[in-house]
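In case you want the letters, here they are:
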Amino acid sequence: MIVIADTTPLISLMKIEKLVLLNKLFGEVQIPEAVFQELTANASFKKEAQEIKSCEFIQVVEVTNKTMVSVLRRATGLDVGESEAMILTDEQQGDLLLIDEVKGRKVAKQMGIRIMGTMGILMLALEKGAINFSETVQSIEILKDSGRHIKNELYEALLNAAEKYR
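In this report, we go over the structure that sits alongside the text. (Residues numbered from 1 in each chain as written. Predicted model: local features only at pLDDT ≥ 70, side-chain atom pairs only at ≥ 80, totals over all residues. Heavy atoms only, no water.)

### Notes on the overall build of the protein
Stage number 1. Counting its regular elements, the protein contains 10 helices and 5 strands.
Stage number 2. Taking 2.2 N^0.38 as the reference for a compact globule, 166 residues should give roughly 15 Å; the C-alpha atoms of the protein span a radius of gyration of 16 Å, in line with that estimate.
Stage number 3. Dimensions along the principal axes, computed over C-alpha positions, put the protein at roughly 50 × 35 × 30 Å.
Stage number 4. Here the protein holds 166 residues, and 46% of them are scored as buried.
Stage number 5. Of all intrachain contacts in the protein linking residues separated by at least 6 positions in sequence, the fraction that spans at least 24 positions is 66%.
Stage number 6. Summing over all exposed atoms, the protein offers an accessible surface of approximately 8800 Å²; the carbon and sulfur share of this is 48%.
Stage number 7. Mean positive and mean negative side-chain charge positions of the protein (20 and 24 charges, respectively) differ by 3 Å. (Helix = DSSP H or I, 4+ residues; strand = E, 2+ residues; numbered from the N terminus. Rg over C-alpha atoms; globule rule 2.2 N^0.38 Å. Buried < 20%, exposed > 50% of the residue type's maximum accessible area, 1.4 Å probe, protein only. Contact = heavy atoms within 4.5 Å. Areas by Shrake-Rupley, 256 points an atom, 1.4 Å probe, with all protein chains shown as cover. Lys, Arg positive; Asp, Glu negative; His and termini not counted. Charge placed at Lys NZ, Arg CZ, Asp CG, Glu CD.)

### Points about the pattern of salt bridges
Stage number 1. Going through the model one piece at a time under the given rule, you end up with 2 salt bridges.
Stage number 2. Lys18 serves as the salt-bridge partner of Glu135, at 3.5 Å between the closest nitrogen and oxygen. Residue Glu135 is located in helix H9 (residues 133-145), and its partner Lys18 is located in the loop between helix H1 (7-15) and helix H2 (20-26); the two are separated by 117 residues in the primary sequence.
Stage number 3. The partly exposed category is assigned to Glu135, whose relative accessible area is 26%.
Stage number 4. Two residues, Glu84 and Lys66, come together in a salt bridge whose shortest N-O distance is 3.8 Å. Here Lys66 lies in helix H5 (residues 66-76) and Glu84 lies in helix H6 (residues 80-91), a separation of 18 residues in the sequence.
Stage number 5. Classification of Glu84 by relative accessible area gives buried; the value is 7%. (Salt bridge = Lys/Arg side-chain N within 4 Å of Asp/Glu carboxyl O.)

### Examining the pairing of strand S2 (residues 29-32)
Stage number 1. Going residue by residue along S2, you find Val29 and Ile31 tucked away on one face and Gln30 and Pro32 tucked away on the opposite face as well.
Stage number 2. Pairing of S2 with strand S3 (residues 58-61) involves 4 bridges; the strand directions are parallel. Bridge pairing in S3 links Val29 to Ile58. (Pairing = 2+ DSSP bridges.)

### Some words on the nonpolar core
Stage number 1. Leu10, Leu19, Leu22, Phe26 and Leu98 are the most contacted members of the largest nonpolar core, which has 39 residues in total.
Stage number 2. Sorting elements by how many residues they give to this core places helix H8 (residues 118-127) first, with 7 residues.
Stage number 3. Residue contacts for Leu19: discarding those within four places in its chain leaves Leu10, Leu13, Met14, Glu51, Ile52, Cys55, Phe57 and Ile58.
Stage number 4. Ranked by size, the runner-up nonpolar core spans 16 residues in total, among them Val61, Val69, Met86 and Val107. (Core = buried A, V, L, I, M, F, W, Y, C linked by side-chain atoms within 4.5 Å.)

### Quick look at the packing of helix H3 (residues 33-40) against H6
For any two helices packed against each other, the geometry is given by the interaxial angle and the distance between the axes.
Stage number 1. Interaxial distance between H3 and H6 falls to 7 Å at its minimum, and their mutual angle equals 145°. At the point where H3 passes H6, the crossing takes the left-handed sense. Within the contact between the two elements, H3 uses Glu33, Ala34, Val35 and Glu38 and H6 uses Val80, Gly81 and Glu84.
Stage number 2. Split into classes, the residues belonging to the contact of H3 with H6 amount to 3 nonpolar, 1 polar and 3 charged. (Axes fitted to C-alpha atoms, helices over the stretch in contact; angles between N-to-C directions. Left-handed = near helix turned anticlockwise from the far one by under 90°. Nonpolar A, V, L, I, M, F, W, Y, C, P; charged D, E, K, R; others polar.)

### Some details on the packing of H5 against H6
Stage number 1. Their axes nearest at 9 Å, the elements H5 and H6 cross at an angle of 125°. On the basis of the axis angle, H5 is oblique to H6. Here H5 and H6 pass one another in a crossing that is right-handed. Of the residues in H6, those in contact with Lys66, Met68, Val69, Leu72 and Arg73 of H5 are Val80, Ser83, Glu84, Met86 and Ile87.
Stage number 2. Residues of the contact of H5 with H6, tallied by class, amount to 6 nonpolar, 1 polar and 3 charged. (Parallel < 35°, antiparallel > 145°, perpendicular 65-115°, else oblique.)

Printed below as a string of structure tokens:
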């Protein structure tokens, strides 16, 4: 399975100290250079940058068609990380794009790309036994408390779905 990630799911998983879930669920995860730069360029987040740089299951892959990245950015208003992630998914014939932002998810769906966000990753990890019910609830609470936008309907649906794994 070829899995490509945008920036936000990686940040969210690092925030809850669950980045390793990606390895447990998918093995290798590819990120484009722009996503790598977004994750490592800010001097205020040295610990997180080092975590990404030393993560053996995250592979930085260069997007070959930079023109398509530019066209996608201009046509949609997406940032360079999201655009590169989508074009890389297309180039690699990726099976799954990990992305959280609403606008990016909409564009990816229009492109026929299968997507999953941070909440989907947590639910899949729960279903596969990679985390337990209380870890799932705690992770969702941490993300919600840290300002990650999670709609109340989605939050309630996740908690209800997680109940069957209690």
